[in-house]
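Each chain is listed here by its residues.
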Amino acid sequence: SVPWFCMGQKVNSTTLNEVRNILALVNMTGFYPTIPESSEYDELNALYMVQAFEPLGFYTANIYDICWLYALSVIETGSDDATEIKQVLPSIASSYKGLTGDCSLDRYGDRNAALYQVYRYENTANGVHAVKRGEMSIVFADASLASGVH
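Residues numbered from 1 in each chain as written. Predicted model: local features only at pLDDT ≥ 70, side-chain atom pairs only at ≥ 80, totals over all residues. Heavy atoms only, no water.

Participant: So what exactly am I meant to see when it comes to the overall build of the protein here?
Facilitator: For the protein, the count of helices and strands is 5 helices and 6 strands. The N-to-C order of helical and strand elements in the protein reads β-α-β-α-α-α-β-β-β-β-α. Sorting the 150 residues of the protein into buried and exposed places 30% on the buried side. In the protein, 52% of the contacts between residues at least 6 apart in sequence involve partners at least 24 apart. (Helix = DSSP H or I, 4+ residues; strand = E, 2+ residues; numbered from the N terminus. Buried < 20%, exposed > 50% of the residue type's maximum accessible area, 1.4 Å probe, protein only. Contact = heavy atoms within 4.5 Å.)

Participant: Can you walk me through the environment of W68 in this structure?
Facilitator: Within the secondary structure, W68 sits in helix α3 (residues 58-77). Residue classification places W68 among the partly exposed residues on the basis of a relative accessible area of 40%. In sequence terms W68 and I92 are 24 residues apart; their C-alpha atoms lie 9.9 Å from each other.

Participant: Looking at this structure, I do not really get the packing of α3 against helix α4 (residues 82-94). What am I missing?
Facilitator: Packed helices, taken two at a time, are described by the angle their axes make and the gap between the axes. Their axes nearest at 9 Å, the elements α3 and α4 cross at an angle of 115°. Helix-helix and strand crossings are classified by hand; for α3 and α4 the assignment is right-handed. Facing L69, Y70, L72, S73, V74, E76 and T77 of α3, the residues of α4 in contact are E84, I85, V88, L89, I92 and A93. Of the residues contributing to the contact of α3 with α4, the split by class is 9 nonpolar, 2 polar and 2 charged. (Axes fitted to C-alpha atoms, helices over the stretch in contact; angles between N-to-C directions. Left-handed = near helix turned anticlockwise from the far one by under 90°. Nonpolar A, V, L, I, M, F, W, Y, C, P; charged D, E, K, R; others polar.)

Participant: Sorry if this is basic, but what is going on with the side chain of S73 here?
Facilitator: Note on placement: S73 falls in helix α3. Beyond its immediate sequence surroundings of up to four residues, S73 is in contact with I85, V88, L89 and I92.

Participant: When you look at the packing of aromatic side chains in this model, what are you seeing that I'm missing?
Facilitator: Ring pairs (aromatic) are described by centroid distance and by the angle formed between their planes. Enumeration over the complete set of coordinates arrives at 1 aromatic pair. Centroid distance F58 to Y59: 5.2 Å. Interplanar angle 80°. Geometry classified as edge-to-face. Classification of F58 as buried rests on a relative accessible area of 17%. (Phe/Tyr/Trp six-rings, centres within 6.5 Å; stacked < 30°, edge-to-face > 60°.)

Participant: Looking at this structure, how should I read the environment of Y64?
Facilitator: With respect to the secondary-structure elements, Y64 resides in helix α3. Separated by 36 residues in sequence, Y64 and T100 have C-alpha atoms that sit 9.1 Å apart. Among residues more than four places away in sequence, those in contact with Y64 are L44, Y96 and L99. A polar contact is formed between the side chain of Y64 and the side chain of W68, at a distance of 3.1 Å. (Polar contact = N/O pair within 3.5 Å; in protein donor to acceptor, adjacent residues only side chain to side chain.)

Participant: Hey, could you run me through α3 in this one?
Facilitator: Owing to its 3.6 residues per turn, the α-helix brings residues three or four apart onto one side. Taking 1.5 Å as the rise per residue, α3 with 20 residues should run 28 Å; its terminal C-alpha atoms sit 29 Å apart, in good agreement. Those residues of α3 that sit buried are F58, A61, N62, D65, L69 and S73. Projection of α3 onto a plane perpendicular to its axis shows the buried side chains occupying an angular sector of 115°, all on one side. The exposed residues of α3 that point more than 90 degrees off its buried face are I63 and I75. In the core, the buried residues of α3 are packed alongside β2 (29-33), α4 and β3 (97-98). One or two positions beyond α3, positive phi appears at G78, with a value near 70°. (Expected span 1.5 Å × (residues − 1). Arc of directions from axis to C-beta.)

Spelled out as structure tokens, the structure:
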């Protein structure tokens, strides 16, 4: 009874039934980045659905937040010079709560935290599916140091 974990994309395609069955057999638990619930997200998602015919996903919401952080930094500096933006971006990010949550940065410019959905592959009445088991906020706290990336 060894616990199995994965990060990244959920396996949902009906063509992957065999893979999902194996994941359910080993009780695979996964973590998937998610967007905090908010009225701002709901409003923007409704507008996005009208234009794009699909929900505003996690990665697109991150791009939205990045664009706002950049725009606020340009307004703060009165310039689009990268060196000037780099000086104010950490303070702008530390006070900005975007669609994807707290956008504060660590000393390397990486995001400090993110919200993840915890799910487990389980046999259900309709076959094997990724079933949401909860959410957790992960604070990275200079995780890049531990991985030797920087």
